[in-house]
Amino acid sequence: MPITLTIPEGLLSPAAQAETFAGLTEAVLEVSGLEGNAFMTSNVVGSIHVLPKEHVLVAGKPAEAAFVELKLPEIALATPEAKRTFIEKATDVVERAAGGRLRREHIWSNIVYAPDGAWGIAGRSYDNNDLIGAITGSAA
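Here's what I pulled together on the structure shown here. (Residues numbered from 1 in each chain as written. Predicted model: local features only at pLDDT ≥ 70, side-chain atom pairs only at ≥ 80, totals over all residues. Heavy atoms only, no water.)

**As for the packing of aromatic side chains**
- With the rule as written, the count across this model stands at 2 aromatic pairs.
- With centroids separated by 6.0 Å and ring planes inclined at 50 degrees, the aromatic side chains of F39 and Y126 adopt a geometry described as tilted. Separated by 87 residues along the polypeptide, F39 in helix α2 (residues 38-42) and Y126 in strand β8 (residues 124-126) bring together distant segments of the chain. The two residues F39 and Y126 agree in class, both being buried.
- Arranged with centres 5.8 Å apart and planes meeting at 35 degrees, the rings of F67 and W108 form a pair that is tilted. (Phe/Tyr/Trp six-rings, centres within 6.5 Å; stacked < 30°, edge-to-face > 60°. Helix = DSSP H or I, 4+ residues; strand = E, 2+ residues; numbered from the N terminus. Buried < 20%, exposed > 50% of the residue type's maximum accessible area, 1.4 Å probe, protein only.)

This is the structure in structure tokens:
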């Protein structure tokens, strides 16, 4: 379940970036109720994009801001409450990591869903039933 964190250079140290990504990973697993699930844990992946300050914009102008994007299959975080909870937790993680250098209002999150059958891991296409099988087959 790829997570993309986009931030301007200088906002987070390399150590804080790693801690932030770990916190985002924990948030998605916790909200999904899948902490300790081997299949899910090994498939929460992603990237941190550190851009030049002038390439991170708010209202068309450079600003200290952070963007969290989570890509999921349709079956994940399926309820409005689960979505709200993940977004709140993700915002908390980034805000805490920034240590006062970033206003909460400048942290945006979004969740993007892949249609059934459009989820691929290691060259294999998974539909929702395949994913459920893989997740339940590796339950802790």
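Now, onward.
**Focus on the environment of V56**
- Tracing the chain through its elements places V56 in the loop between β2 (46-51) and β3 (57-58).
- Sequence-wise, V56 and L70 are 14 residues apart; in three dimensions their C-alpha atoms are separated by 19 Å.
- When neighbours within four sequence positions are excluded, V56 is seen to be in contact with I7, P8, L51, K61, P62, A63, A65 and F67. (Contact = heavy atoms within 4.5 Å.)

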